[in-house]
Amino acid sequence: MLMHQGLGLDTFNDLPRRKAVHALYECCCSVAWASRVADGRSYRSRAELFRAADAELAELSDGDIDALAATLPEPSKVCAAMDANTRGALGTAARAYCERFDYPYVASRLFEAEGFDPREILVDLGHRLDNDDRTERKVMRNELAEINHIRLNRLLGPEGGWPPY
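Residues numbered from 1 in each chain as written. Predicted model: local features only at pLDDT ≥ 70, side-chain atom pairs only at ≥ 80, totals over all residues. Heavy atoms only, no water.

Asks: Please give an account of the overall build of the protein chain that cites residues and values.
Replies: Counting its secondary structure elements, the protein chain contains eight helices and zero strands. Written out in order from the N terminus, the α and β elements of the protein chain read α-α-α-α-α-α-α-α. The C-alpha radius of gyration of the protein chain comes to 17 Å, within 12% of the 15 Å expected for a compact globule of 165 residues. The dimensions of the protein chain, computed from C-alpha atoms along their principal axes, are 45 × 35 × 20 Å. Counting only residues that meet the buried cut, the protein chain has 45% of its 165 residues in that class. Contacts in the protein chain between residues far apart in sequence, at least 24 positions, make up 68% of those at least 6 positions apart. (Helix = DSSP H or I, 4+ residues; strand = E, 2+ residues; numbered from the N terminus. Rg over C-alpha atoms; globule rule 2.2 N^0.38 Å. Buried < 20%, exposed > 50% of the residue type's maximum accessible area, 1.4 Å probe, protein only. Contact = heavy atoms within 4.5 Å.)

Asks: Residues and numbers for the pattern of salt bridges, please.
Replies: Counted under the stated rule, the structure contains eleven salt bridges. A salt bridge links D62 to R137; its shortest N-O distance comes to 3.8 Å. Of this pair, D62 sits in helix α5 (residues 62–69) while R137 sits in helix α8 (residues 133–156); the two residues are 75 residues apart in sequence, bridging distant segments of the chain. One network of salt bridges, with partners in common, ties together D62, D66, R137 and R141. (Salt bridge = Lys/Arg side-chain N within 4 Å of Asp/Glu carboxyl O.)

Asks: Before we move on, could you go through the packing of helix α6 (residues 84–101) against α8 and cite the residues and values that matter?
Replies: Remark: α6 packs on α8, axes separated minimally by 11 Å, with the N-to-C direction vectors making an angle of 120°. Classified by the angle between their axes, α6 and α8 sit oblique to one another. Contact with α6, carried on its side by Y97, R100 and F101, involves D133, E136 and M140 of α8 and no other residues of that element. Across the contact of α6 with α8, the residue classes tally to three nonpolar, no polar and three charged. (Axes fitted to C-alpha atoms, helices over the stretch in contact; angles between N-to-C directions. Parallel < 35°, antiparallel > 145°, perpendicular 65-115°, else oblique. Nonpolar A, V, L, I, M, F, W, Y, C, P; charged D, E, K, R; others polar.)

Asks: Give a description of the side chain of E48 that names residues and reports values.
Replies: When you line up the elements, E48 lands in helix α4 (residues 46–59). For E48, a relative accessible area of 19% puts it in the buried group. Once residues lying within four places of it in the same chain are set aside, the contact partners of E48 are S42 and Y43.

Asks: So what about unusual backbone geometry? Which residues, and what values?
Replies: Residue S42 is bonded to the preceding R41 through a cis peptide linkage, with omega at 20°. As for its position among the elements, S42 is in the loop between α3 (31–39) and α4. Here D102, not a glycine, exhibits a phi torsion of approximately 70°, which is positive. Tracing the chain through its elements places D102 in the loop between α6 and α7 (118–129).

As structure tokens, then:
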């Protein structure tokens, strides 16, 4: 859960650098990424912020990306309402993925507000296990970018942000 939510773009742009880095770190768990995105302010639009976020993510090394991926929850631990069989199947598939690629499975669907269907995650895991290393690295980075977008949208909230209370 993000501590900083619904700030609005103007408020985000006006935050002191330290607070902006902290708010961005909640979105991506990378100090390097958060610092660079914060230093790129003032953003004129969400689209401009998202482009900067994507560009900075692309600049991170594979090691930094792997460390970032390791901060995300395993699919079998995301939804408490899952039955034991589904939880077990997701755990087994996620471990197989990690053994195959040497980094954790990353899926933006796990972070969508409406939730996710565990069967869809299992199917996605199965398909992605068939990818070669280069293709999967690209897919994983794209999924991380989508997670950043979801979290940045929560950080910003509705257009103009939530009114102060």
